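Reading the structure
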Amino acid sequence: MVWAILMAWLVGAREQITADQARDAVQWVSDSLGIQHDDLLQAAGFIGHPDAPNLTLGEAVEHFGNPIAFTLCMVMLCGGLVATVGDADPDWLKQFDLVS
């Protein structure tokens, strides 16, 4: 269920943000949290980062070696989006919530 929520937020954001905003989010996470930029790019395709590889969910998980590491990367990307696009308001992500 956590993956579904995170993926909804990331893919939903991709529909509304620009390539530059995707770059800014990845750069913010890299700079602020000290995460390797290249590692973040492996999941940044889900937010439309133009330099990210076009990976499936399974391929992204495989790159990180385990689902927990990939989940953490998705959480960090959500945080980067909130910080750079969502005016530091975590409620910004709610617009991308799954509806039942």
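Calculation rules
Residues numbered from 1 in each chain as written. Predicted model: local features only at pLDDT ≥ 70, side-chain atom pairs only at ≥ 80, totals over all residues. Heavy atoms only, no water. Axes fitted to C-alpha atoms, helices over the stretch in contact; angles between N-to-C directions. Helix = DSSP H or I, 4+ residues; strand = E, 2+ residues; numbered from the N terminus. Parallel < 35°, antiparallel > 145°, perpendicular 65-115°, else oblique. Left-handed = near helix turned anticlockwise from the far one by under 90°. Contact = heavy atoms within 4.5 Å. Core = buried A, V, L, I, M, F, W, Y, C linked by side-chain atoms within 4.5 Å. Buried < 20%, exposed > 50% of the residue type's maximum accessible area, 1.4 Å probe, protein only. Disulfide = S-S within 2.5 Å. Salt bridge = Lys/Arg side-chain N within 4 Å of Asp/Glu carboxyl O.

A few points about the packing of helix H3 (residues 37-44) against helix H4 (residues 57-64)
Look at H3 against H4: their axes get within 9 Å of each other, and the N-to-C directions meet at 160°. Our classification of the angle between H3 and H4 gives roughly antiparallel. H4 is crossed by H3, and the crossing has left-handed handedness. Contacts between H3 and H4 pair Asp39, Gln42 and Ala43 from the former with Ala60, His63 and Phe64 from the latter.

A few points about the nonpolar core
The nonpolar side chains of a soluble globular protein tend to be buried, and buried together. Counting 31 residues, the largest nonpolar core has Leu10, Ile47, Phe70, Leu77, Leu81 and Trp92 as the members making the most contacts within it. Of all the elements in the fold, those that place two or more residues in this core are helix H1 (2-14), helix H2 (19-33), H3, H4 and helix H5 (67-84). With eight residues, H5 is the single largest residue contributor to this core. Not counting chain neighbours up to four residues away, the residues in contact with Ile47 comprise Leu10, Arg14, Ile17, Ala22, Ala25, Val26, Leu77 and Leu81.

What to know about unusual backbone geometry
Residue Asp87 is not a glycine yet carries a positive backbone phi of 55°. Relative to the helices and strands, Asp87 resides in the segment after H5. Residue classification places Asp87 among the exposed positions, given a relative accessible area of 72%. With a phi angle near 60°, Ala88 is a residue other than glycine that sits in the positive phi range. According to the relative accessible area criterion, Ala88 is exposed, its value standing at 57%.

Concerning the state of the cysteines
Taken as a whole and judged by the stated rule, the model has zero disulfides. Cysteine Cys73 remains unbridged, with the sulfur of Cys78 as its closest cysteine sulfur at 9.8 Å. Given a relative accessible area of 1%, Cys73 falls into the buried group. Judged by relative accessible area, which is 3%, Cys78 ranks as buried.

Details of the pattern of salt bridges
The full count for this structure, using the stated rule, is four salt bridges. Arg23 is the salt-bridge partner of Asp51, the closest N and O atoms lying 3.9 Å from each other. Taken together, the residues span a long stretch of sequence, with Asp51 in the loop between H3 and H4 and Arg23 in helix H2 at a distance of 28 residues. Linked through salt bridges whose partners overlap, the residues forming this network are Asp20, Arg23 and Asp51.

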